[in-house]
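Here's the letter readout for the chains.
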2 protein chains.
Amino acid sequence: MNDEVFPAVAADAAERLAVHWRALAAAELPVVPSGPPGTTLKALPEEPPERGEDLAEILDDTWRTIVPQLVHWQHPGFLGWFPTSNSPASVLAELVTAGLGVQGMMWSSSPAATELEQRVCDWLARALALPQRFAHSCGQGGGVIQDSASSAVLVAVAAALHRASRGRWREHGTEGRHRVYCTGQTNSCVPKSVRIAGAGEAVRVPLLPGTHAMDPAALAARMDADRSAGRIPAAVVATVGTTATCAADPVPEIGTVCRERGVWLHVDAAYAGSAALCPEFREVNAGLEHADSYAVNAHKWMRTGTPCSVLWVADRTALTDAMGLTASYLDNPAGEPRTVVDFKDWQVPLGRPMRALKLWYVMRAHGLEGLRETIRHDVRLAALLAGLIEEEPGFEVVAHRLGLVVFRRDGDARTRELAERLTGDPGVLCTPATVDGRPVLRAALGSPYTDEAAVRRIWSTIRRTAAAQD
Amino acid sequence: MNDEVFPAVAADAAERLAVHWRALAAAELPVVPSGPPGTTLKALPEEPPERGEDLAEILDDTWRTIVPQLVHWQHPGFLGWFPTSNSPASVLAELVTAGLGVQGMMWSSSPAATELEQRVCDWLARALALPQRFAHSCGQGGGVIQDSASSAVLVAVAAALHRASRGRWREHGTEGRHRVYCTGQTNSCVPKSVRIAGAGEAVRVPLLPGTHAMDPAALAARMDADRSAGRIPAAVVATVGTTATCAADPVPEIGTVCRERGVWLHVDAAYAGSAALCPEFREVNAGLEHADSYAVNAHKWMRTGTPCSVLWVADRTALTDAMGLTASYLDNPAGEPRTVVDFKDWQVPLGRPMRALKLWYVMRAHGLEGLRETIRHDVRLAALLAGLIEEEPGFEVVAHRLGLVVFRRDGDARTRELAERLTGDPGVLCTPATVDGRPVLRAALGSPYTDEAAVRRIWSTIRRTAAAQD
Ligand SMILES: Cc1ncc(COP(=O)(O)O)c(C=O)c1O
Ligand SMILES: Cc1ncc(COP(=O)(O)O)c(C=O)c1O
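Residues numbered from 1 in each chain as written. Chains lettered and ligands numbered in written order. Predicted model: local features only at pLDDT ≥ 70, side-chain atom pairs only at ≥ 80, totals over all residues. Heavy atoms only, no water.

Visitor: Please explain the site of ligand 1 as it appears in this structure.
Guide: Taken together, 15 residues form the shell around ligand 1, and within it A:Ala149, A:Ser150, A:Thr243, A:Asp268 and B:Gly351 come nearest. Flanking ligand 1 are residues from chains A and B. Separating an oxygen atom of ligand 1 from a side-chain N or O atom of A:Ser150 is a distance of 2.5 Å. A distance of 3.4 Å separates an oxygen atom of ligand 1 from a polar backbone atom of B:Leu350. Elements with a contribution of two residues or more to the shell around ligand 1: α6 (149–164) and α11 (298–301) of chain A. Its residues assigned to classes, the shell around ligand 1 comprises five nonpolar, eight polar and two charged. (Near = heavy atom within 4 Å. Polar contact = N/O pair within 3.5 Å; in protein donor to acceptor, adjacent residues only side chain to side chain. Helix = DSSP H or I, 4+ residues; strand = E, 2+ residues; numbered from the N terminus. Nonpolar A, V, L, I, M, F, W, Y, C, P; charged D, E, K, R; others polar.)

Put into structure tokens, the structure is as follows:
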């Protein structure tokens, strides 16, 4: 029955989405909802329905009950956290992926799902000018789509622990001896993934004075001291584009430190990595020739929608040795060549949807030119906003890199109060944070409908709110 | 530009999917493709496009290049592994989820995404007659949607390690002392997740003689011996519905053993758990009052498509203490009540799509009646197939439970040869496996278009293939 109504209801949903996007683009909807906690819970019945309901009715309810209580990440006034931007191409791809409904855990469970993923990961590696050894086509390495940068770190750390323990880890775990290094500026998901991998609290390496970037000499000293104390340095997670200020750890120097000591280097470029699509921002790739693994969230700045985090490794066997599993019901068909890739061995989950279709649609629909233009557009808007802030007496730009502008008012109390007053504003969402112990506001450009007019509107809202404080 | 063409292209895609489903239902497409490894890779250009292309063209290419090289998990002849079945409701929901493009890591990052998830997890807990303490509405516990049963195990084991170590694990990792227990029949994703959690090789507890189920007395003995040897039993993963034969570990007895020793009990009911929708199959829930966590893959037998794995915990603080993270840019807004749920602390990834919409659409569109009818239909088809096999001289049913039928021919070589001959058959996909050291074939009913006629067709293909062997 639902099969028959599906095309009409799906067409209706697509039409509603197009209307929704126009309303977002025109900032006719508030970026944050106003209902208190429990608003949606109260609107939903406590009991699941016994009888099936019409899809059209459920669709209506979505706009009646759910949409008004969402934070609209695609709203032009959305400058919170880092962007998660989508595009018609990505939405179309999710429709097709769900409709085809295949499961790509192994090559043999849907060959095209695996081969398409190999190809688009290679495409993206090339588009980002990553070292060749990260490509499937070069033999040893390759890319895989994870759900998140957090999972990418987890998988990389597992491979690193396996390598550092010479395989002992598979049987005995971390034995409390392995260490993973990052900094206090690293995204909190990194220490979390390290902890989940059983390696305990990640070591926070000191920063280069006056920066938010890891001090490579301090890293080397810390590793050597750990080794002398009987511990085993297993991995370093360097960040290119930290969440608070978009700072970059010095990957070339860190890479040398790691290489000399045989330690795994994972580079988390969840946000900033996409900038390498543009030749003028390729410095974000500096030093990658020393990295063992590298991850970019295409869902942050490449219009794929979430989830779509791409992880590349230089040596795929490090992953598959650590993560591989066997079971008679997962045996490959007799005669299948061993060169075939089974992505189940590259990730935590066994099953997986056909993740690559989305990246394929987005890269083709936008073309590299279109994706570059997205990056450049957002970088221009960030420069515009930073300029407006700098001109304003009593405001200060704390950090400005790529699409991120971090700023504050004169006085911590006033900055904190400004952040509070802006919370819940229907036209703008900035995320408060703390940098060097002082409160700041972060504005991350990247929502698809943010344009120059929106930035000027956002800025006048911030100015007006600040003026009302004084 | 793409915004404008989107409704028409999406409508076209929906129409194509409906045609595709009709072709599948009529078994007009082969269930497995015939191209050798590399077929899709060769069909895709090595370079990503510089210029953007039309969505309509990309859609065409999907059917030209990708669809012919997929294994069709929704095909009536698909009896492989366990099912991953979708439905128009789930596909519609994926379209809307992608289109709305919100990110629900915290309550404040999209309140409705979080509250909808709380509500539908409670709905499903009620529909499955799970113990009340797994419900959000009861205070301490609650459900969360993970991408997979593997991730559910990982998260549960992390919480268990945290609890067993009294929090020491967060800082020092597993220290090589913690043990997690399962059996040799447990899905391979469980030892894999245990390994990734840094707890080393999971201990395989012996089976009750003549069964594929864990021996609770052997579990108790093993745990006590481990404890005497200075090790720390942290968690047991019991399975209800093993992958090879749909066996069930005796959860009531295992629960008692765990409770007496303060050890975390996770129950993996990835496939069989859905059967509890029907009162007549509620025995799959036996003993759950002793479980700390429980997971069911709604994407296996509830028509949601992948990913949609629901994990419930009895005590949510065990999860959030283990997995929680803090960062100034993730601080909750001032004044937000502490009762609000932030799902980032219930999972590995930081970011997450609005996962609950799909479960909401499916539960409403089918109603509990419809979902129960799906289960009963597949169980009836399995009984039909098992009956046909039993009547056939030279064939033997090795196991038959719920929607799974495991069978073999007389003679291991002949069974193995039959499996090989069936590999690549356009009309049927069964997964070979090994049970008690002997080759078998698994037939898992659950693909949405499999009906009585399809089962009879499948069986005659198998019989014909077997006859050609002799
Ligand atoms: C630098 C950095 N790394 C990692 C993450 C976490 O990403 P995910 O949500 O994909 O786990 C973020 C999120 O904003 C980030 O900014
Ligand atoms: C009993 C059981 N547990 C776990 C899994 C793994 O599920 P997932 O792919 O969601 O990780 C499976 C997969 O078939 C299974 O049968």
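Visitor: Would you take a moment to explain the side chain of B:Gln469 for this structure?
Guide: Residue and element names in this part refer to chain B. With respect to the helices and strands, the residue glutamine 469 is situated in helix α15 (residues 452–469). By relative accessible area, which is 13% here, glutamine 469 ends up buried. Looking at glutamine 469, its side chain comes within polar contact range of the main-chain oxygen of arginine 414, at 3.0 Å. Aside from chain neighbours lying at most four places away, what touches glutamine 469 is Arg409, Arg414, Glu417, Leu418 and Arg421. (Buried < 20%, exposed > 50% of the residue type's maximum accessible area, 1.4 Å probe, protein only. Contact = heavy atoms within 4.5 Å.)

Visitor: Looking at this model, I keep getting lost on the interface of chain A and chain B. Mind explaining?
Guide: By a widespread convention, an interface's size corresponds to the accessible area lost as its parts come together. The partner chain B presents 150 residues to the 149 residues of chain A that form the contact. For the pair chain A and chain B, the summed buried surface comes to about 12600 Å²; carbon and sulfur atoms form 64% of the total. Summed over the three residues of chain A that lose the most area to chain B, namely A:Arg195, A:Tyr329 and A:Arg364, the buried surface amounts to 7% of that side. Seen at the junction of chain A and chain B, the total is 10 salt bridges. Here chain A and chain B share 74 residue pairs in polar contact (both at pLDDT 80 or more) between them. Examining the composition of the side of chain A that touches chain B, we find that 14 residues originate from one element, helix α1 (residues 2–25) of chain A, more than from any other. (Buried area = accessible area lost by both parts, 1.4 Å probe. Salt bridge = Lys/Arg side-chain N within 4 Å of Asp/Glu carboxyl O.)

Visitor: In this structure, what is going on with the site of ligand 2? I would like to understand it.
Guide: Taken together, 15 residues lie near ligand 2, and A:Gly351, B:Ala149, B:Ser150, B:Thr243 and B:Asp268 sit nearest. Flanking ligand 2 are residues from chains A and B. Contacts to ligand 2 include B:Asn297, whose side-chain N or O atom sits 2.9 Å from an oxygen atom. In the environment of ligand 2, an oxygen atom lies 3.1 Å from a nitrogen or oxygen atom belonging to the side chain of B:Lys300. Compared with its free state, where it exposes 400 Å², ligand 2 has 96% of that area covered by protein. (Areas by Shrake-Rupley, 256 points an atom, 1.4 Å probe, with all protein chains shown as cover.)

Visitor: I'm lost on the sheet that holds strand β10 (residues 404–409) of chain B in this one. Help?
Guide: Strands in a sheet are paired, the pairing made by backbone hydrogen bonds, and the direction either parallel or antiparallel. Residues and elements named next belong to chain B. Ordered by their spatial adjacency, five strands build an open sheet running β1-β11-β12-β10-β9, and the pairing between neighbours is mixed. The open sheet is flanked by β1 (78–79) and β9 (395–401), the only strands paired with a single partner. Judged from the six bridges that link them, β9 and β10 form a sheet pairing that is antiparallel. The residue of β10 that forms the bridge with valine 397 is phenylalanine 407. Sitting on the sheet, helix α14 (residues 412–422) is in contact with β9, β10, β11 (429–435) and β12 (438–444), with an inclination near 40° to β12. (Pairing = 2+ DSSP bridges. Axes fitted to C-alpha atoms, helices over the stretch in contact; angles between N-to-C directions.)

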